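Structure at a glance
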Amino acid sequence: MHETMDMADDPEYEEEEPSFSDSDDFVDDIEDDELLSDILREKPLEADGIDSVVVVDNVPQVGPERLEKLKNVIHKIFSKFGKITNEFYPEADGLTKGYIFLEYLAPTQAQEAVKNADGYKLDKQHTFRVNVFTDFDKYMNINDEWETPEKQDFKDFGNMRHWIEDPDCRDHFSVIYESGERTAIFANDAKEAITVEERARWTETYVRWSPKGTYLATFHQRGIALWGGEKFKQIQRFSHQGVSLIDFSPCERYVVTFSPLMDTKEDPQAIIIWDILTGQKKRGFHCESSAHWPIFKWSHDGKFFARMTQDTLSIYETPSMGLLDKKSLKISGIKDFSWSPGDNIIAFWVPEDKDIPARVTLMQLPSRQEIRVRNLFNVVDCKLHWQRNGDYLCVKVDRTPKGTQGVVTNFEIFRMREKQVPVDVVEMKEGIIAFAWEPNGSKFAVLHGESPRINSSFYHVKNNGKIELIKSFDKQQANSIFWSPQGQFLVLAGLRSMNGALAFVDTSDCTLMNIAEHYMASDVEWDPTGRYVVTSVSWWSHKVDNAYWLWTFQGRLLQKNNKDRFCQLLWRPRPATLLGSEEIKVIKKDLKKYSKIFEQKDRLSQSKASKELVDKRRAMMEEYRSYREAAAQTLLDQKELRLELRGGVDTDELDSNVEDWEEETIEFFINEEIIPLGDL
């Protein structure tokens, strides 16, 4: 060590430094990307982060004392779409400027915020407008010269309600058979259904009609497809992997899809609400279970939809898809709710809690005003049954009166159209199997008792505040009630385990029009007009005797249609009539005038089969004549060629002119043999 230090201190000793310069002929062929790839990968770009920033306009202008509250509200709304890494609230003169900047972790999250939060209604004065920050550059660089936009081709899907214009008033129905391999649409006819459209593997599971019959929904692994028009073209499709359930809004503006495969904590996609016209996703929701589908229930006009969670009823409004008044209803212990089919009224019930009785509440929306509350005691369970027009609400209340062990059922009938909503009570001492309102009237039917002694009873809600028992039938083989959509007529059916027993009833005088049976029937479906009813045995529930039978409303069997592995039949709904009540009364009054026309059409339809056969034969004869004339013309055109080939001999005339023939007899001697008689 000492020797080394002495060498360094020696002034004569100079260490020669190595040269790091390149030679004159050196060529540098290594690029920076290869040499410094790991470092350059982290080099910030000029536009980094800009496409992850959104600008939110129409934000409330607040002072420092309310700024923190505003930030909490904004963060709650916009954190649904992704993680917010930065936020900036510009201020001037002690107030925020009314717009803010939010930076997300990824550009995709910013796009999701723009898609779902643009147009979000915070309150009556503030509706958000949301844009990606990079949009400002795009809008600033717009050319001042007008450029004619590119013309978009018009997609003509045809008449979306063409089936209603059928002069013979044939209703459509869909049929799935061959265990789901084939799907067909038929036009109903008393003689034989007419095929409208038929396709293989049109759907992977089942189909659904929209509430007004405009769309047919088919299910696929990747999502839902909607079909419509005269040729059933694809109108729209919605990508939702593994979709298994759907529901339409009553106005057909929105469709709700459910998939058990798609949900994530950051991006709720178990339930998605879509805009049918644009195909855009309006909002996604989490869902733990689909056991009680539909999760969301719609108001009659499609303006509101609601869902129930533990101790909470959440009501959303369209088109913003946000909570009504930005908050849910806290209802401790809520068990069930249901919308009125005729008004924006929600009915819900809450069970007893210690000394607080159970109660049924009717709430007007959007005001949230409670228009009627009914307290109930010793309640075990409640079921809500609305009449189709919303004129009545029946609450089926199962209770255990004090001092008894059995369960007694009461029907609490709410008269919705009368002042203060009076309530009538009908007590039933037997177990209830089924209950159903007459769709357009004030009667209801009940199946009660236990097998084999099941009774059916028919009641009438009168205007004088009384409920009258019209009639009862004893020992009925029935477990289901199916009213005609037009009322008056119904079918009492014993489905599945009751071997398909059917009773056709006219409730105007409570007469049994017919008693029949469709062995092992699993479903009963009325057509929208109430003229026909179908009973069917589905392959999904029973593997043999799969078929659907067509009946008149009086119970007369018209057709037996056996389909290989028949699965499902659904009638196509009709939209509400445009006729008013007075116009309908006039038509009913003058019905005899139209009956002659209908009878004439019925007679023509009876001879329709023979007429079709005659028309078919006539068409075949016409086809033969056309072919014969064409063949004769070809023969004439080729005559000169034949004469040339046959040396001028007109072979066409050899077999003609028989009357000019001359007969000549020619004899030929062939052989002579002489036989002596003596040899015999």
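All values derive from a computational prediction rather than experimental measurement. Residue positions are given per chain, counting from 1 as you read along its sequence in written order. Local features in a predicted model are, by the rule used here, given only for residues with pLDDT of at least 70; side-chain atom pairs are given and counted only at 80 or more, and totals for whole chains, interfaces and linings are based on all residues. Side-chain descriptors were evaluated using all non-hydrogen atoms of the structure, hydrogens and water having been removed beforehand.

**Some points on the nonpolar core**
Our working rule: Within this scheme, the nonpolar core is defined by two criteria: the residues are buried Ala, Val, Leu, Ile, Met, Phe, Trp, Tyr or Cys, and they are joined through side-chain atoms within 4.5 Å. Exposure classes here rest on a 1.4 Å probe applied to the protein chains alone. A residue is buried below 20% of its type maximum, exposed above 50%, and partly exposed in between. Secondary structure counts use DSSP, requiring at least four H or I residues in a row for a helix and at least two E residues in a row for a strand, with both numbered from the N terminus. Contacts are assigned to residue pairs that have any heavy atoms within 4.5 Å of one another.
Val54, Val56, Ile74, Phe78, Tyr104, Phe128 and Val130 are the most contacted members of the largest nonpolar core, which totals 24 residues. Examining the composition of this core, we find that five residues originate from one element, helix 4 (residues 64–78), more than from any other. Apart from the residues within four sequence positions on either side, Val56 is in contact with Phe78, Gly98, Tyr99, Ile100, Leu102, Phe128, Arg129 and Val130. Val360, Leu376, Cys382 and Leu393 belong to the second-largest nonpolar core, a separate cluster that totals 18 residues.

**Considering the sheet that holds strand 23 (residues 336–339)**
Worth spelling out the cut-off: Should DSSP find at least two bridges between two strands, the strands are regarded as paired. As a rule, the C-alpha atoms of each element are fitted with a line to give its axis, helices using only the stretch in contact, and angles between N-to-C directions run from 0 to 180 degrees.
If you trace the four strands from one edge of the open sheet to the other, you get 23-24-25-26, paired in antiparallel fashion. Where the open sheet ends on each side, the last strands, each with one partner, are strand 23 and strand 26 (369–376). On average, each strand axis in the sheet is inclined to that of its neighbour by 15°, with strand direction left out of account. Examined bridge by bridge, strand 25 (residues 358–364) and strand 26 share seven bridges and lie antiparallel to one another. The residue bridging Gln364 from the neighbouring strand is Gln369, located in strand 26.

**Digging into the pattern of salt bridges**
This is how the line gets drawn: The salt bridge definition used is simple: a Lys or Arg side-chain nitrogen within 4 Å of an Asp or Glu carboxyl oxygen.
Summed over the entire model, instances satisfying the criterion amount to 26 salt bridges. A salt bridge links Asp118 to Arg129; its shortest N-O distance comes to 2.8 Å. Taken together, the positions of Asp118 in the loop between helix 5 (107–117) and strand 6 (129–132) and Arg129 in strand 6 put the pair eleven residues apart, joining distant regions of the chain. For Asp391, the salt bridge identified is with Arg417, shortest N-O distance 2.8 Å. A residue pair is termed long-range when its members are at least 10 positions apart, and Asp391 in the loop between strand 27 (379–386) and strand 28 (392–399) and Arg417 in the loop between strand 29 (408–415) and strand 30 (423–428) qualify at 26 residues. Taking relative accessible area as the criterion, Asp391 reaches 23% and is therefore assigned partly exposed. Several salt bridges share partner residues, and in doing so they unite Asp166, Asp168, Arg170 and Asp189 into one network.

**With respect to a nonpolar patch on the surface**
In plain terms, the rule: Exposure above 30% relative accessible area and no salt bridge define the residues that can form patches, which grow by joining like charges within 9 Å and nonpolar side chains of Val, Leu, Ile, Met, Phe, Trp and Tyr within 5 Å. All accessible-area figures derive from a Shrake-Rupley calculation using a 1.4 Å probe, and residue coverage is judged against the displayed protein chains alone.
A contiguous nonpolar patch, built from Leu579, Ile584 and Ile587 and spanning about 210 Å² of accessible area, is present on the exposed surface. Looking at the element boundaries, Leu579 is found in the loop between strand 43 (568–571) and helix 7 (581–589).

**Section: helix 5**
Every buried residue of helix 5 is accounted for by Gln109, Ala110, Ala113, Val114, Asn116 and Ala117. Considering only its buried residues, helix 5 is in contact with strand 1 (53–57), helix 4, strand 5 (99–104), strand 6 and strand 17 (281–285). Phi for Gly119, located one or two positions after helix 5, is positive at around 90°.

**Points about the side chain of Asp506**
Here is the rule we go by: Positive charge is attributed to Lys and Arg, negative charge to Asp and Glu, and no charge count is given to His or to the chain ends.
Note on placement: Asp506 falls in strand 37 (residues 501–506). One buried charged residue, Asp506, forms no salt bridge at all, with the nearest opposite charge on Lys443 at 7.4 Å. Not counting the four nearest positions on each side in its chain, Asp506 is found in contact with Gln488, Phe489, Thr511 and Met513.

**Remarks on the sheet that holds strand 30**
If you walk across this open sheet you meet the four strands as 27-28-29-30, and the pairing is antiparallel. With partners counted over all chains shown, the strands left at the sheet margins are strand 27 and strand 30, one partner each. The mean angle between the axes of side-by-side strands here comes to 20°, regardless of whether they run parallel or antiparallel. Summarising the sheet, strand 29 and strand 30 pair through six bridges and their orientation is antiparallel. Across the sheet, the residue bridging to Asn410 is Glu427, located in strand 30.

**Digging into the confidence of the model for the protein**
Threshold: Note: pLDDT gives the predictor's confidence per residue, expressed from 0 to 100.
Chain-level pLDDT for the protein is 87 on average; 89% of the residues reach the 70-or-more range. Predicted confidence is poor over residues 1–9, with pLDDT under 50, and the contacts of this stretch with residues over four places away or in other chains come to one contact.

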